[in-house]
Structure formats: structure tokens, C-alpha cells
Amino acid sequence: MRTIHLAPSILSADFTCLGAQVEEALVAGADYVHVDVMDGHFVPNITIGPLIVEALRPVAVRHGAVVDVHLMIEKPERYLADFARAGADILTVHVETCPHLHRTVQAIRELGVRPGVTLNPATSLSTLEEILPFVDLVLIMSVNPGFGGQSYIGPSTDKIRRLRAMLDAIGSAAELEVDGGIKPGNAPEIVAAGATVLVAGSAVFGGPRTIAENVAAFLRP
Ligand code: DX5
Ligand code: ZN
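Residues numbered from 1 in each chain as written. Chains lettered and ligands numbered in written order. Predicted model: local features only at pLDDT ≥ 70, side-chain atom pairs only at ≥ 80, totals over all residues. Heavy atoms only, no water.

Q: Before we go on, may I ask you to explain the UniProt feature "binding site: a divalent metal cation" (unreviewed entry) in the chain in this structure?
A: In the numbering adopted here, UniProt assigns the feature "binding site: a divalent metal cation" (unreviewed entry) to His-34, Asp-36, His-70 and Asp-179. On the basis of their most widely separated C-alpha atoms, the annotated residues across 146 residues gather in one place, lying no more than 10.4 Å apart. Assignment of secondary structure puts Asp-36 in strand β2 (residues 32-38). For Asp-36, a relative accessible area of 4% puts it in the buried group. In this structure, Asp-36 is in contact with Ser-9, Leu-11, Thr-47, Ile-48, His-70, Met-72 and Asp-179, ignoring residues within four places of it in sequence. Within the fold, His-70 resides in strand β3 (residues 66-72). (UniProt positions renumbered as here; feature names shortened; annotations may be inferred. Helix = DSSP H or I, 4+ residues; strand = E, 2+ residues; numbered from the N terminus. Buried < 20%, exposed > 50% of the residue type's maximum accessible area, 1.4 Å probe, protein only. Contact = heavy atoms within 4.5 Å.)

Written as C-alpha cells, this is what we have:
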């Protein structure tokens, strides 16, 4: 039985009380903090940088949570040291932004951070074949990156299943994370396909219910 982790994406949080909102999610049982970094180039949106990671780090540490940084930026290698210094536990880069992906993954590990790689919905799993043995996490994007609150792209589930088979075939213990459009309703099929980390933004921080209730809806067996 694989351990399943819930990674609230702070993109949908209320930034006027970010620390308190993240704390509520972690107290309720989430165990990752997913930080979406966007540069307005690789994706159309601009969000946040190392300063927010640094501010959230003590909250995560207090609850034993993993600081999970998803870099949707061009030339991510320029900022790896800054995010490592700010307190990232995992740094995930898009294969679409890294012509020298092996070097980038190596650079992340040399900074003492766990390296992750991620794919846009239309990018083939075959682009991962050579890098899989070197990473601690693979992230499947189940929406086109750039915004929270989009709908889950259905065929992502089959992609997760195929990636699970690839990881098992090489005996990899890497986490299989999925990001975009995940709700309590579709989480079970995503986990059954082989995911171990579920990112959820609007389903944790949005809607009429409290953050604690939203987290509980995911964790309920
Ligand atoms: C999309 C981001 C996601 C997003 C998820 O570019 O990487 O992490 O915030 O949000 P929801 O769960 O609302 O789809
Ligand atoms: Zn993300």
C-alpha cells in the first residue's frame, strides 16, 4: 500500500492570511505545501517567488510538511539556488523548459533538494525515459499550467497508469504527483491509477466550506 499525500496549492489561497490558511490545511492532515511559481513567459500568468517560500517554510516545518515548489518558468536553472536557500524540499522543473534536463536535475540535487520533473498534458511520457532513474518525483499536469480552477483532462488518468508502470519497471520509489482539477470526486480514480501526491488548489482553498472540511473530504476513506 502506497502512502498518499495531499498537496494544497497556495495559488487559490487568500494571500492576506496565507500563513493561517496553510496552517489550517496542515493541521487538517495535508502534508505538502505546493507552491506554483509562474513567470509570465513559460505560462501566461505571473505569481510568486522565493520570498513566499521563505515565509512559509517555518509553517511547514512546524507541521512536518514538505515544501513542494513547482517551477513554471523559463530557464529555471537561474533560480534553483534562490529557491533552495528559501527552503524548498522539492524543486520540480518542466521538461519543456530544460534542454539540459540531466544537468538541471543534478544541480537541484547538489543543492541538497529533491529533484522533480513535470510534463504538460501534450508532452509524451517518452521524454522521461532517460531521466526517470535520477528523479525523486514526477509530476503529471492534468491541466495546462498557468491557472487554478481548471477542469481535469480525462486522459490524464491513463497517462498516470502508464507512468506508474514505467516507475515500477525500473524499481523507482519516486513520488508520482498529479496537478490540476483534482477534487474529492476524482481523487480515488487518480490514486487507483498510481498517483501518490495529489495537488489541489481550488478544492482546498475555494468554495463555501472551511479549509479543514475541504481537506477532510479528500482524506476520508
Ligand atoms: C496550475 C498549477 C496548479 C493549480 C491547481 O498551473 O500548477 O497547482 O493551482 O489548481 P486546481 O486544483 O484549482 O486545479
Ligand atoms: Zn502546480
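Now that the structure has been shown, the text picks up again.
Q: Help me understand the nonpolar core in this model?
A: Counting residues in hydrophobic clusters, the biggest one holds 63 residues, and the most contacted among them are Val-69, Val-117 and Leu-128. Leave out the neighbours within four places in its chain, and Leu-128 touches Val-95, Val-117, Leu-119, Val-138 and Leu-163. Within the second largest apolar cluster, ten residues are counted, among which are Tyr-32, Leu-137, Val-197 and Val-199. (Core = buried A, V, L, I, M, F, W, Y, C linked by side-chain atoms within 4.5 Å.)

Q: Would you explain the sheet that holds β2 in this entry?
A: For sheets, the rule is that strands pair by backbone hydrogen bonds, running either parallel or antiparallel. With respect to topology, eight strands assemble into an open sheet ordered β1-β8-β7-β6-β5-β4-β3-β2, the strand pairing being parallel. Each edge of the sheet is formed by a strand with only one pairing partner; in this case those strands are β1 (5-8) and β2. The mean inter-strand angle of the sheet, taken between neighbouring strand axes irrespective of direction, is 25°. Here β3 pairs with strand β4 (residues 90-94) via four bridges, running parallel. By the bridge assignment, His-70 is partnered in β4 with Thr-92. The strands touched by helix α4 (residues 101-110) within the sheet are β4 and β5 (114-119), with β5 carrying the most contacts at an inclination of about 145°. (Pairing = 2+ DSSP bridges. Axes fitted to C-alpha atoms, helices over the stretch in contact; angles between N-to-C directions.)

Q: Just to check I follow, could you spell out the coordination of the zinc ion (ligand 2) for this structure?
A: Taken together, the protein donors to the zinc ion (ligand 2) comprise His-34 (NE2), Asp-36 (OD), His-70 (ND1) and Asp-179 (OD), at separations of 2.0 to 2.3 Å. Every donor counted, the six donor atoms about the zinc ion (ligand 2) form angles of 67 to 167° at the centre, which fits octahedral coordination. All donors of the zinc ion (ligand 2) come from a single chain, and their spacing in sequence reads H-x1-D-x33-H-x108-D. (Donors = N, O, S within 2.8 Å, 3.2 Å for Na, K, Ca; no water. Tetrahedral: all angles 85-135°; square planar, octahedral: opposite > 155°, others 65-115°.)

Q: Which parts of the structure should I look at to understand the UniProt feature "binding site: substrate" (unreviewed entry) in the chain?
A: Under the present numbering, the feature "binding site: substrate" (unreviewed entry) in UniProt falls on Ser-9, His-70, Gly-146, Phe-147, Gly-148, Gly-149, Asp-179, Gly-180, Gly-181, Gly-201 and Ser-202. Among the structural elements, Gly-149 can be located in the loop between β6 (137-141) and α5 (156-169). Along the chain, Gly-201 falls in the loop between β8 (197-200) and α7 (202-205).

Q: Could you clarify how one ought to interpret the environment of Gln-21 in this entry?
A: Tracing the chain through its elements places Gln-21 in helix α1 (residues 18-27). Of the residues examined, Gln-21 reaches a relative accessible area of 15% and is grouped as buried. A C-alpha to C-alpha distance of 11 Å links Gln-21 and Ser-9, two positions twelve residues apart in sequence. What Gln-21 contacts, discounting residues up to four positions off in sequence, is Ala-13, Asp-14, Phe-205 and Ile-211. For Gln-21, the side chain forms a polar contact with the main-chain nitrogen of Asp-14, separated by 2.9 Å. (Polar contact = N/O pair within 3.5 Å; in protein donor to acceptor, adjacent residues only side chain to side chain.)

Q: Explain the site of ligand 1 to me, please; I cannot follow it from the model alone.
A: Taken together, 20 residues lie around ligand 1, and Asp-36, Gly-146, Asp-179, Gly-201 and Ser-202 are the ones closest in. Contact distances for ligand 1 include 3.1 Å between an oxygen atom and a side-chain N or O atom of Ser-9. One of the side-chain nitrogen or oxygen atoms of His-70 is found 3.3 Å away from an oxygen atom of ligand 1. Relative to its free-state accessible area of 380 Å², ligand 1 is covered by the protein chains to the extent of 100%. Contributing elements (two or more residues each) for the shell around ligand 1: β2, β3 and β8. Residue contributions to the shell around ligand 1 peak at three residues, all from β2. The residue makeup of the shell around ligand 1, split by class, is eight nonpolar, ten polar and two charged. (Near = heavy atom within 4 Å. Areas by Shrake-Rupley, 256 points an atom, 1.4 Å probe, with all protein chains shown as cover. Nonpolar A, V, L, I, M, F, W, Y, C, P; charged D, E, K, R; others polar.)

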